[in-house]
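Descriptive analysis of the structure
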Amino acid sequence: QVQLVESGGGLVQPGGSLRLSCAASGRIFSINDMGWYRQAPGHERELVASITRSGSTNYADSVKGRFTISRDNAKNTVYLQMNSLKPDDTAVYYCNAEITTRFGGRMNEYWGQGTQVTVSS
């Protein structure tokens, strides 16, 4: 009974910016790591950025210096600010969260439905 709702994807020109949001809802007891993954046609899904509940971050080398992941624990929301976008950033972006549910639930990984990001002139 956990849902991840994503927003913020779209079409942007090279060099532009987008901010993705992903809000978790449901019978949440706690959220550990959260992250953003992406998958382009013909490519494996890859980790873009992750963030722990205390705020420690990790980025793929390809996005370091351009993307920033953040979270608002009070809102159960993770964000991905994407600047200086390149055509190679084009992909479906998925949010991910490690969530422990209420009433004795174990920690499980949950995924959003994905949002398309297209970087093109």
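Everything here concerns the structure above.
The following paragraphs examine the structure supplied in this document. (Residues numbered from 1 in each chain as written. Predicted model: local features only at pLDDT ≥ 70, side-chain atom pairs only at ≥ 80, totals over all residues. Heavy atoms only, no water.)

**Concerning the packing of aromatic side chains**
Worth spelling out the cut-off: Aromatic pairing here means that ring centres of Phe, Tyr or Trp (its six-membered ring) are within 6.5 Å. Orientation follows from the plane angle: under 30 degrees is stacked, over 60 is edge-to-face, and everything else is tilted. A ring has a charge above it when a Lys NZ or an Arg CZ is no more than 6 Å from the ring centre and no more than 35 degrees off the ring normal.
Applying the stated criterion to the full structure yields 1 aromatic pair. Residue placement shows R45 over the ring face of Y94; its charged tip is 3.8 Å from the ring centre.

**Quick notes on the pattern of salt bridges**
Which entries qualify depends on this criterion: Any carboxyl oxygen of Asp or Glu that lies within 4 Å of a side-chain nitrogen of Lys or Arg is treated as forming a salt bridge with it. Counting from the N terminus, the helices are the DSSP runs of H or I reaching at least four residues and the strands are the DSSP runs of E reaching at least two. Under the scheme applied here, a residue whose accessible area is under 20% of the maximum for its type counts as buried, over 50% as exposed, and between as partly exposed, the area being computed with a 1.4 Å probe on protein chains only.
This structure, assessed with the given rule, holds 4 salt bridges. Here D89 and R38 are joined by a salt bridge, their closest N and O atoms 2.9 Å apart. You can see D89 sitting in the loop between β8 (77-82) and β9 (91-101) and its partner R38 sitting in strand β4 (residues 28-39), a full 51 residues away along the chain. This pair shows no difference in class: D89 is buried, exactly as R38 is. Overlapping salt bridges, with partners in common, bring together R38, E46, R66 and D89 in one network.

**Section: the environment of I31**
For the record, the criterion: In what follows, residue pairs with any heavy atoms lying within 4.5 Å of each other are defined as contacts.
Along the chain, I31 falls in strand β4. Separated by 78 residues in the primary sequence, I31 and E109 have C-alpha atoms spaced 9.8 Å apart. Not counting residues up to four positions away in its chain, the partners in contact with I31 are A24, R53, R71, N76, A97, E98 and I99.

**Here's the deal with the nonpolar core**
Which entries qualify depends on this criterion: The nonpolar core is taken to be a set of buried Ala, Val, Leu, Ile, Met, Phe, Trp, Tyr and Cys residues, with the residues joined through side-chain atoms within 4.5 Å.
Judged by nonpolar contacts, the single largest core of 31 residues is most densely connected at W36, L80, M82, Y93 and I99. Of all the secondary structure elements, the ones that give two or more residues to this core are β1 (2-7), β3 (18-26), β4, β5 (46-51), β7 (67-72), β8, β9 and β11 (115-119). When residues of this core are assigned to their parent elements, the largest contribution, 5 residues, is made by β9.

**Remarks on the environment of K64**
What counts, and what does not: Side-chain atoms alone can form a polar contact between residues adjacent in sequence; in general such a contact is a pair of N or O atoms within 3.5 Å, and within protein one must be able to donate a hydrogen while the other accepts it.
Looking at where K64 falls in the secondary structure, it is placed in the loop between β6 (57-59) and β7. Counting along the chain gives 16 residues from K64 to V48, while the straight-line C-alpha distance between them is 9.3 Å. Reaching out from K64, the side chain makes a polar contact with the side chain of D61 at a distance of 3.1 Å.

**Describing the sheet that holds β1**
Here is the rule we go by: Whether two strands pair comes down to DSSP finding at least two bridges between them. Helix axes use the C-alpha atoms of the stretch in contact, all axes being lines fitted to C-alpha atoms, and the angles between their N-to-C directions lie in the range 0 to 180 degrees.
As summarised here, the arrangement of the 4 strands in space is β1-β3-β8-β7, forming an open sheet in which the pairing is antiparallel. In the strand order of this sheet, the two ends are held by β1 and β7, each with one partner. Sheet twist, expressed as the mean angle between neighbouring strand axes with direction ignored, is 15°. The sheet contact formed by β1 and β3 spans 6 bridges and is antiparallel. Paired with V5 across the strands is A23, a residue of β3.

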